[in-house]
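Remarks on the overall topology
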Amino acid sequence: MSSNSVCVFVENLAKSYKQHAVLCDIDLSLNRGEVFGLLGPSGSGKTTLVRHITGLETPDAGEVIISGKKVPDLSLLSEIGYMAQSDALYEDLTAKENLEFFASLYGLGKKQQTARIQEVMKIVRLSGDLNKPVKNFSGGMKRRLSLAIALLHEPRLLILDEPTVGIDPVLRKSIWEVFSQLQESGVTILVTTHVMDEAAKCDRLGLIQNGGLIAVGTPDDLKSRTKTHSIEDVFLTFGGA
Ligand SMILES: Nc1ncnc2c1ncn2[C@@H]1O[C@H](COP(=O)(O)OP(=O)(O)O)[C@@H](O)[C@H]1O
Ligand SMILES: [Mg+2]
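Residues numbered from 1 in each chain as written. Chains lettered and ligands numbered in written order. Predicted model: local features only at pLDDT ≥ 70, side-chain atom pairs only at ≥ 80, totals over all residues.

1. Re the site of ligand 1
The immediate surroundings of ligand 1 are formed by Tyr 17, Val 22, Gly 40, Ser 42, Gly 43, Ser 44, Gly 45, Lys 46, Thr 47 and Thr 48. For the shell around ligand 1, the residue count by class is two nonpolar, seven polar and one charged. (Near = placed C-beta within 6 Å. Nonpolar A, V, L, I, M, F, W, Y, C, P; charged D, E, K, R; others polar.)

Shown next, in the form of structure tokens:
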């Protein structure tokens, strides 16, 4: 693999909160255009790791390099679309007003905004809800609106923290179809999940437990290494349960 095809490098990353080690010596590289799944139980450190990759947290040791630049770097903002685990939406505003607010932050012009807002809402299948206040949205609708916001500026790297929580299976499937389309256009996607069937759809997986990356590989590779037939069994085998 040429270094050109690697777009994210995480090297020796470590972080503790009040003496409690949350990330231990994480090494990870993401290839351009892959869907990489970070799989681990609640509290294992997934959110902390992706917050470090986006530059929202500063590590105690190690570094993150994206497109050759050390994180945090303002010039990377246009390259990264980040969807946090908790929706950061203005409840009293409509979906459209929320999108306009974030589109302005990204520096999209008015004309461009209108077109792009239509596009992203179509992608997440919320076109009919554009003028509704977000406070009337279900949890799943809020997740989809957050995804639409993360897509607004056409980022080359999408970092999605449990994007499908609260979303029914049919829509979940359609969101994964969106990921495939984005991937075909060269977008790299880092997604955290604790849902096994989602993990199976990733090109590669990183299993995280107690802040350590315990295994990395394609779902098939991990299954054959553990001589198991499901990602759940893979996890239990590597996790020593
Ligand atoms: N800001 C913080 N201060 C103290 N502890 C934190 C902080 N953020 C995360 N943690 C702890 O780090 C661990 C990993 O959390 P998190 O990254 O949210 O896990 P996950 O996303 O896998 O559920 C947990 O034990 C959590 O309590
Ligand atoms: Mg989390």
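So much for the structure itself; the text now carries on.
2. Concerning the environment of Pro 133
Checked against the element boundaries, Pro 133 lands in the loop between α3 (110–123) and α4 (139–151). The spatial distance from the C-alpha of Pro 133 to the C-alpha of Lys 96 is 8.8 Å, given a sequence separation of 37 residues. If we ignore the near neighbours within four places in the chain, the residues touching Pro 133 are Asp 92, Leu 93 and Thr 94. (Helix = DSSP H or I, 4+ residues; strand = E, 2+ residues; numbered from the N terminus. Contact = placed C-beta atoms within 7 Å.)

3. Some words on the environment of Phe 101
Examined against the element boundaries, Phe 101 turns out to sit in helix α2 (residues 95–105). On the neighbour-count criterion, Phe 101 (13 C-beta atoms within 10 Å) is partly exposed. Along the sequence, Phe 101 and Tyr 90 sit eleven residues apart, while their C-alpha atoms lie 9.6 Å from each other. (Buried ≥ 20, exposed ≤ 12 C-beta atoms within 10 Å, placed from the backbone.)

4. Topic: the domain arrangement of the protein
As assigned here, the protein comprises domain 1 (3–79 + 156–238) and domain 2 (89–154). Between the C-alpha centres of domain 1 and domain 2 the distance comes to 25 Å. Contacts between domain 1 and domain 2 engage twelve residues on the former and eight residues on the latter. Of all the secondary structure elements, the ones that give two or more residues to the side of domain 1 that touches domain 2 are β7 (157–161) and α5 (169–184). (Domains from an automatic or database assignment.)

5. Observations regarding the pairing of strand β8 (residues 188–193)
In terms of burial, β8 is largely enclosed, as six of its six residues are buried. On β8, burial covers both faces: Thr 188, Leu 190 and Thr 192 on one face and Ile 189, Val 191 and Thr 193 on the other are all buried. Bridging between strand β3 (residues 35–39) and β8 involves five bridges; their strand directions are parallel. Opposite Leu 38, over in β8, you have Thr 192 as the bridge partner. Direction of pairing for β7 relative to β8: parallel, over a ladder of five bridges. Looking at the pairing, Asp 161 lines up with Thr 192 of β8. (Pairing = 2+ DSSP bridges.)

6. So, the nonpolar core
Soluble globular proteins tend to bury their nonpolar side chains together. Core analysis: the biggest nonpolar cluster contains 62 residues, and Ile 53, Ala 148, Ile 159, Ile 189 and Leu 190 have the highest contact counts within it. The element best represented in this core is α4, accounting for seven residues. Residue-level mapping places this core at the junction of two domains, with at least three residues from each of domain 1 (3–79 + 156–238) and domain 2 (89–154). In this structure Ile 159 touches Val 50, Ile 53, Thr 54, Ile 80, Tyr 82 and Leu 190, once residues within four positions along its chain are discounted. (Core = buried A, V, L, I, M, F, W, Y, C linked by C-beta atoms within 7 Å.)

7. Regarding helix α1 (residues 46–54)
With respect to burial, α1 is a largely interior element, seven of its nine residues being buried. Buried within α1 are the following residues: Lys 46, Thr 48, Leu 49, Val 50, His 52, Ile 53 and Thr 54. Positive phi appears at Gly 55, one or two residues downstream of α1, with a value of about 90°.

8. Concerning the environment of Ser 86
Examined against the element boundaries, Ser 86 turns out to sit in the loop between β6 (80–83) and α2. C-alpha of Ser 86 to C-alpha of Pro 163: the two residues are 77 residues apart in sequence and 9.6 Å apart in space.

9. Details of unusual backbone geometry
Cis geometry marks the peptide bond from Val 71 to Pro 72, where omega comes out at 0°. Tracing the backbone shows Pro 72 in the loop between β5 (69–70) and β6. One non-glycine residue, Asn 12, adopts positive backbone phi at about 50°. The topology assignment puts Asn 12 in strand β1 (residues 6–17). Judged by local crowding, Asn 12 falls into the exposed class, with 12 C-beta atoms found within 10 Å. A positive phi angle, near 70°, is found at Gln 19, a position not held by glycine. Within the secondary structure layout, Gln 19 lies in the loop between β1 and β2 (20–31).

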